[in-house]
Structure formats: C-alpha cells, structure tokens
2 protein chains.
Amino acid sequence: MTAASNSVGVVTPQSIQFNAPLPLKSGAVLKNYHLMFETYGRLNADRSNAVLVCHALNASHHVAGLHADANGQPLPKSEGWWDNLIGPGKPLDTDKFFVVCVNNPGSCFGSTGPMHVNPDTGRIYGASFPVVTVEDWVNAQARVLDVLGIEQLAAVVGGSLGGMQALSWTLQHPDRVRHCVAVATAPNLSAQNIAFNEVARRAIVTDPDFHSGNFYAHGVVPRRGLRVARMIGHITYLSDDVMASKFGRELVGRDRHDEPNYSTQDIEFQVESYLRYQGDKFSDYFDANTYLLITRALDYFDPARAHQGNLSAAMAKALAKFLIVSFTTDWRFSPARSREIVKALLDNGRDVSYAEIDAPHGHDAFLLDDARYHEVMRAYFDRIASELTTTAPNASPTQPSEVAA
Amino acid sequence: MTAASNSVGVVTPQSIQFNAPLPLKSGAVLKNYHLMFETYGRLNADRSNAVLVCHALNASHHVAGLHADANGQPLPKSEGWWDNLIGPGKPLDTDKFFVVCVNNPGSCFGSTGPMHVNPDTGRIYGASFPVVTVEDWVNAQARVLDVLGIEQLAAVVGGSLGGMQALSWTLQHPDRVRHCVAVATAPNLSAQNIAFNEVARRAIVTDPDFHSGNFYAHGVVPRRGLRVARMIGHITYLSDDVMASKFGRELVGRDRHDEPNYSTQDIEFQVESYLRYQGDKFSDYFDANTYLLITRALDYFDPARAHQGNLSAAMAKALAKFLIVSFTTDWRFSPARSREIVKALLDNGRDVSYAEIDAPHGHDAFLLDDARYHEVMRAYFDRIASELTTTAPNASPTQPSEVAA
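Residues numbered from 1 in each chain as written. Chains lettered and ligands numbered in written order. Predicted model: local features only at pLDDT ≥ 70, side-chain atom pairs only at ≥ 80, totals over all residues. Heavy atoms only, no water.

## Thoughts on the packing of helix α4 (residues 223-237) of chain A against helix α6 (residues 270-285) of chain A
Helix-helix packing is described using two parameters, namely the angle between the two axes and the distance between the axes.
Residue and element names in this part refer to chain A.
Piece 1. Contact geometry for α4 and α6: axes closest at 8 Å, N-to-C directions at 125°. With respect to α6, the axis of α4 lies oblique. Crossing of α4 over α6 shows right-handed handedness. Here R223, L226, R227, R230, M231, H234 and I235 of α4 lie close against α6, whose contacting residues are Y274, L275, R276, Q278, G279, D280, F282, S283, D284 and Y285.
Piece 2. Across the contact of α4 with α6, the residue classes tally to seven nonpolar, four polar and six charged. (Axes fitted to C-alpha atoms, helices over the stretch in contact; angles between N-to-C directions. Helix = DSSP H or I, 4+ residues; strand = E, 2+ residues; numbered from the N terminus. Parallel < 35°, antiparallel > 145°, perpendicular 65-115°, else oblique. Left-handed = near helix turned anticlockwise from the far one by under 90°. Contact = heavy atoms within 4.5 Å. Nonpolar A, V, L, I, M, F, W, Y, C, P; charged D, E, K, R; others polar.)

Here you go:
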C-alpha cells in the first residue's frame, strides 16, 4: 500500500451557521455561532457507520487528510493531527467508517471563538466569550450530527481532553453512542493538573500585552505568556524518560562533556532550545483567550461532581460499550486515572475493554504511531465494523455547507 | 523538654569581608565580597565537631534559632529554615556539634549578590553578576571555615541543591570532610528538571519589568515572572498525592460538589489560591537575578561531566563516609537519582548508608519533621558524635565579625 492510497487525500473544511442559541452549562448562551468540521469516508445507507472524533487542546476539526491550495493541490505538511490513525486501511478505517470531527466553540481554528464578534455588542468577544465546558462542546457536536442526519454514532473517540468529551457523550446522549473509545484521559483533573493549568493561565493573564483579553484591539498578542504556557504544557506531555533520551543533558552546539558557556539567559542545553522553539511556534498561531477557555474546560470536567464524587453513580447513565486506553509513562493522565473509569464502568456491569500500553512517550503517546497501541485501536474498530448491518458505505451525507440550522 | 530549651535561641548573623578575589569555575572572579553566616553550638577544643550546613534555592545562612529585634527580643516566626532538625537535643544536636551555615554568593539574603555594587564599575551588578556554580559556593564556604579555624568538618550536610554542595565538598576538599549527609538530591539535573528551571527563567526574563536585569534602577521588580517561577517551583516540590490530599478539587468558599463560578480568571480551586499566595509572597522578597543564578547553578552541577559521564569515576576522589537519604514521593529528585550516587560510592568501596524514606510530601519532605527521616538523621549524627575525640565543646570560635580575610 503506498502512502498516497493510505491517506484520505484532500479534504475541505465545512461550516454550519446555527441561529438557535446554544445554552451553556454556566447559564449563559452562545448566539449565532458557526462550527467548522470535516468528514472522511462515506456515510452508509442506514447511517450507522459514523464515528465522531473529539479534539483536545491544541487541535482542530482537521483530524485527517490534507488541505489544498487555491489550485486544489495538496499543501505540504498539512496532514490532520490524527492522520496516522485515520484513513483508508488505517486503524480507524475510512473505507468502513464515516468520520466526523467538529471544531469546538471557543477554539481559535475556525468555529466561533473569542476573536469573533459578539452579536449582542458588535464587538470582538475577547475575554468576554462565555465559559464553555466539555458538556457544552458535546451538545454543539450533537447539533452538527443532527444536521448531518446522524442519529446514532457507531463510536465516539478522543484522547486527553477529547477522551473527556467521548466519556461525556455516553452520559449526555447515551442513546446516541454505541461505542466510546477514550484514550489517555481522566475522569477529572487532579490538583496537580489544575495547578499546571493555573500557572499557564497566570503567565498569559499577567502578560501586559494581554490587555484584559482585548489585545486584538491593541494590535498585539500576549506572546510571553503563551510561550511560557506552551513550555509548561510540553513538559507535562512528555515523560521524564523520553525527555532524557531526546535531550538528556546535551548542550547546544557542543559535546555534552564540554564546558558550558556559563550564562543565565543564553540557551545552553538542548531541552531549552526545544522548549523555546515550541513556545515561539505556539505563540504565532494560538489565541490566548482560547487557551484560558480550554484549560478551564479541562478543570471543570468532573462527571462525578453531581454525584457527590461517586464516579460509579455518574457512569450509571452510560449505555455504550467502552475501550479505555492508557500509557504507562503518561504522568499527566496516568493509567491509575483510566483505571478509575474502568472500575466505575465495571461497577455498572458495562462492557469495557482496557489496554495499558507500555510506551515511553508520556501523554503524547496517544498522538503517535505506536504499533501496540494502533493494533489495539484497529482490533476494536474492526469489531465495531463487524457489527454494522450495512457494510458497504453507499449514501452521501447531506451537503452541510449549504445548510443553516 | 520544653520548646524553648529545644531551640538554639536567639542567634546573630555574622559577616566576613574577603579582599582576596574568589576565582570562579566560569573563569571570572568575584572581588571584594562579603559572606553572611551563622553558627550554633560551640566548637570543641580540637575543633573536630564542626558541621557545615549548605542551603538550597530559597534559603539563607539562618538555618536554626531565632532572630531578635533591636531590643534583643526574639522575633516571632523567625525560626531558621531547618530549625526542626538543628538545636539542642535535636537530630543535629548543637549540644554536641558546632553548626555553621554560610549564605552563598549570588544570594539575596545578605552575602554579596546581584543587588550589590560591582567594585569594578561602581554600579549595581544586576544581571552582570558572575555566574556562580556549586563548586564556587563550596570554595566560598571553605574560606569562611578557614577564618573560623576549622580545618576539617565532622560533616557537611545539605538537602536538594544543598545536597549537591555536600557531595561537591567531598570531591573538591576530600581531606576536609569526614562525613557527607546528602538528602533529596541528585548527581545532576535531568532534562525535565532543567526544563522546569528554563520555563521559570523565561517567565522572569521576559517580564517587561526585568529590564535586562537592571530593574533596580527602574524602581520595579519583575513580580509577574517571579510569581510564575515560584508557582512552577511549588508544583515540583509537592507530590501529586500530597496536592490531592491538601487541595484535591476543593473550591474556594464552596463545597467541592457545588457549581463553580465559571470564570477563566477568578480563583475557583483551592490549589489556585495556594499557588497565587505562594507566588505573591515570593515576589515580595526574592531577587530575580538571584533566581536565575541559583537555577543555573543547579543546571550546571554535574561532577560526572569531566569524567565522560561516569559518576563512579567522579566519586573516586571522595574520602568521606556518606549518608544518602531520599523520599519515595519526591519526583523532582527521585530515589532513583540517589541510588545513582549510592552505586557510584559503592563502586569505589566507600562507606555509605542509604535510607529511602516512605513519606508522602514529595521533595519538600527534606524540610519537614518526619519521624522516620529524623530518626535516621539522629542515628547518623549520633554515630558521628561518638567518633569525636573531644566530646565536650569548650573552645570558642574566632570572632569573625572582626575579621577581614
């Protein structure tokens, strides 16, 4: 199989404008919003082969395939963020499934977010964009599925914050999900997780270029804060071991055993160079208000809260079958957090498969092409495919670019 | 034993002015510097009962006892940073030992540092203060001992960065150390450790109030950067478990199971309140240039570097006996890092005791009054005391306030 035939090829983002307000968990509403999304593969005749992918912090609706330039030519390095998992013949096989990924409201990748105009004021939302939660995102995604004519998902899948959305789908819309695949996730954030988010937020909010979230009007971006936020993020995405093997104590431009330059501000170690590069890159494209919103959505997610902290009671609503996957070196959302989910599901007699993958890459592993991990995913999606009554996709989905809901 | 009789009581900081330049590892020299220090207990007749305590990042020469106000009255809450360990009848017993703690150059607690005047320029050092290393600090401490007439230490002891100094003493001055007690330390920083330091430094250096390190002249302090640096530090000092038990997902002013306020910038969770408080407090008193210098000293420490990474070869110089202590939940300097030191010492046939203390508090444990930990320390110092030829302290040290070296 060549690389080309293994890709979904060029994909065009689509958009739906929603005029009915979206009620939010906070009590606020989101008015006149639009959602960007992409689809891959074809919906089958009985509309039973749809798989919804939920994205995490720094990701968009562009989960697979390539984007094209104005002439329709594929853009280099435009692969979707989970392209190694999703495509023809891949573990989530677009020859069998119709895959949908929706950009969540509040994002900075196309759906209505803080950089858009608040219809109530005629001014850019900025920091006044309403606080959105995992539950709100799930409801927004459900409206896209309504437009696409998808009543029930073969599966909902996500990693990290995306895994939280996948879990929440099974609680908010239990009848609409047959399988839930939640990877490298947790039933809520620990105090340490919240602490890292809070430091990142403080770095952004206290950057003088943040201007109380109205930096757009000042023609600046709180780059210093975004850089620090991203550097902190990267440390928590990687395992201690993989940082040691990638960077160790290597110096930049010299042998590890050479004398360093003895400078407090210049780059000495390769890990510093890596982090500064990642921070700079991130500050070029990510929106500071979106960062605040998304980290807060992470903080607030806690389905057990309404059940006095009892996760088993919370998960009783779920009717789906589950695959839960964790990675041994993930210290952000450790295997112990996934096992809490597994236990809560087993307490309710649910059908749950659990894989704890021995991988060195830490939290990042869920995005990587790890053979053991992908074989688990392939086997599970093959099982879902075998349950489909119509195996040959032969219906076209509604063309939603034309639709206003 | 009452609390009062268990304290070294009021202690007065002392200072020595050094006119001979201190050559630094970087090739630079430190001229006309002074060092602050404190002593506790009495030096015995043959000057064999001296114990040097080396301080870590956020600490000073004030390791035990109380400071007094202008009338000689003890100031409340002025206990030294290791007062639970050091005093009459305490594990490091000042009835038996003469304890010395020196504030390292580059610090902001009294010894010559970035906020002092560079004698070469007549201007405040700021960011031009020479880069100091663990080895430089050890040499500076040795000069204080020279003035005090202490040829050989009964022991050198330190935790974290202080432990690195203790280890370095045994390599730089092997004849001057009979015992080395190194707690919660590492033979060098991992890539992850360096990464956390780098994020903290970037937060400080990119704060507009840093003014390239010359903020003193602008009448400002880079508080935003210092706050973020300290918040990051606190996350790494505590274990995930202790954060969970101290803060969990508790909300501020409400029950954990109540609805949150839904705000991206207001404090919601108790862990946020704790971190902001710690960051604010730190930014009131800590010097930004000192933070850069001390984190770099941590980064650079690596005795194995000159031996192509072979720690056993590096430790061959040491002649001391060792007690190495680590804490199970310390993820900053994990027990595995202490075991590297133990192995290198055993490879050289050295006398080494190792205690891995099962404590929940993470890296902070080395500063806390944990019974198992303190019993290990007490037993080891009792052994050192039993080796002293003169058991009754009866000589007064040189009065160094009068001395210029």
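## Digging into the environment of N188 of chain B
Piece 1. Turning to its location among the elements, N188 of chain B is positioned in the loop between β10 (179-183) and α3 (191-205).
Piece 2. Judged by relative accessible area, which is 10%, N188 of chain B ranks as buried.
Piece 3. Each C-alpha atom, one on N188 of chain B and one on V352 of chain B, is 19 Å from the other, the two residues being 164 residues apart in sequence.
Piece 4. Once residues within four sequence positions are removed from consideration, N188 of chain B is found in contact with R249 and R256 of chain A together with M164, F301, D302 and R337 of chain B.
Piece 5. A polar contact of 3.2 Å, which involves the side chain of N188 of chain B, links it to the side chain of D302 of chain B.
Piece 6. Polar contacts involving the side chain of N188 of chain B include one to the side chain of R337 of chain B, which spans 2.7 Å. (Buried < 20%, exposed > 50% of the residue type's maximum accessible area, 1.4 Å probe, protein only. Polar contact = N/O pair within 3.5 Å; in protein donor to acceptor, adjacent residues only side chain to side chain.)

## With respect to the packing of α3 of chain B against helix α8 (residues 288-300) of chain B
Residues and elements named next belong to chain B.
Piece 1. For the pair α3 and α8, the least separation of the axes is 10 Å and the interaxial angle reads 160°. Between α3 and α8, the angle falls in the class roughly antiparallel. Where α3 crosses over α8, the handedness of that crossing is left-handed. Here I194, N197, A200, R201, I204 and V205 of α3 come into contact with α8, specifically with A288, Y291, L292, T295, R296, L298 and D299.
Piece 2. Of the residues that constitute the contact of α3 with α8, the class distribution is eight nonpolar, two polar and three charged.

## A look at the UniProt feature "active site" (unreviewed entry) in chain A
Residues and elements named next belong to chain A.
Piece 1. Per the UniProt annotation, the sites labelled "active site" (unreviewed entry) are S160, D330 and H363. These annotated residues cover 204 residues of sequence, but their C-alpha atoms sit close together, with the largest distance between any two at 10.6 Å. In this structure, the largest pocket is lined, among the annotated residues mentioned, by S160 and H363.
Piece 2. Looking at where S160 falls in the secondary structure, it is placed in the loop between β11 (155-159) and α2 (161-172).
Piece 3. In contact with S160, not counting residues within four places along its chain, are A56, V183, A184, T185, F333, H363 and F366.
Piece 4. Here H363 lies in the loop between β14 (352-357) and α10 (371-386).
Piece 5. Ignoring any residue separated from it by four or fewer positions in sequence, one finds H363 in contact with S160, A184, T236, Y237, D330, R332 and F333. (UniProt positions renumbered as here; feature names shortened; annotations may be inferred. 1 Å grid on protein atoms, 1.4 Å probe; cavity = no way out; pocket = protein on both sides within 12 Å on 5 of 7 lines; lining within 4 Å.)

## Focus on unusual backbone geometry
Piece 1. Look at K77 of chain A: it is not a glycine, yet its phi comes out positive at around 55°.
Piece 2. Mapped onto the fold, K77 of chain A is located in the loop between β5 (50-54) and β6 (86-87).
Piece 3. For Y262 of chain B, which is not a glycine, the phi torsion comes out positive at approximately 60°.

## Details of the pairing of β5 of chain A
All names here are of chain A.
Piece 1. Counting buried residues along β5, five of its five residues qualify, which places the element largely inside the surrounding structure.
Piece 2. Neither face of β5 is open: one carries A50, L52 and C54, the other V51 and V53, and all of them are buried.
Piece 3. Pairing analysis gives four bridges linking β5 to strand β8 (residues 98-102), with the strands arranged parallel. If you follow A50 over to β8, its bridge partner there is F98.
Piece 4. Both β5 and β11 contribute to a ladder of four bridges, which runs parallel. Directly across from V53, in β11, lies its bridge partner V157. (Pairing = 2+ DSSP bridges.)

## A short note on empty space enclosed by the protein
Empty space among the atoms can be located by rolling a probe the size of a water molecule over them.
Piece 1. Within the structure shown, the criterion is met by 10 cavities of 30 Å³ or more.
Piece 2. Here the largest cavity defines a volume of roughly 110 Å³.
Piece 3. Along the wall of the largest cavity there are 14 residues; nearest its centre are A203 and T206 of chain A together with A203, T206 and R224 of chain B.
Piece 4. Mapped onto the lining of the largest cavity, the elements with two or more residues apiece are α4 of chain A together with α5 (223-237) of chain B. (Points joined across faces, edges and corners; volume = space filled by probe spheres on them.)

## Here's the deal with helix α7 (residues 270-285) of chain B
Piece 1. Compared with the 22 Å implied by 1.5 Å per residue over 16 residues, the 24 Å span of α7 of chain B between its first and last C-alpha is a close match.
Piece 2. Along α7 of chain B, the residues classified as buried are V271, E272, Y274, L275, R276, Q278, G279, F282 and S283 of chain B.
Piece 3. Those residues of α7 of chain B that are buried are in contact with α3 (191-205) and α7 (288-300) of chain A together with α5, α6 (240-246) and α8 of chain B. (Expected span 1.5 Å × (residues − 1).)

## Focus: the relation of the copies chain A and chain B
Piece 1. Of the transformation superimposing chain A on chain B, the axial component is 0.0 Å and the angular component is 180°, with the fit at an RMSD of 0.0 Å. Read as a symmetry element, the transformation amounts to a two-fold axis.
Piece 2. Counting the interface residues of chain A, we find that 100% of their copies in chain B are interface residues as well, pointing to one common contact surface. (Least-squares fit on C-alpha atoms with pLDDT ≥ 70 in both.)

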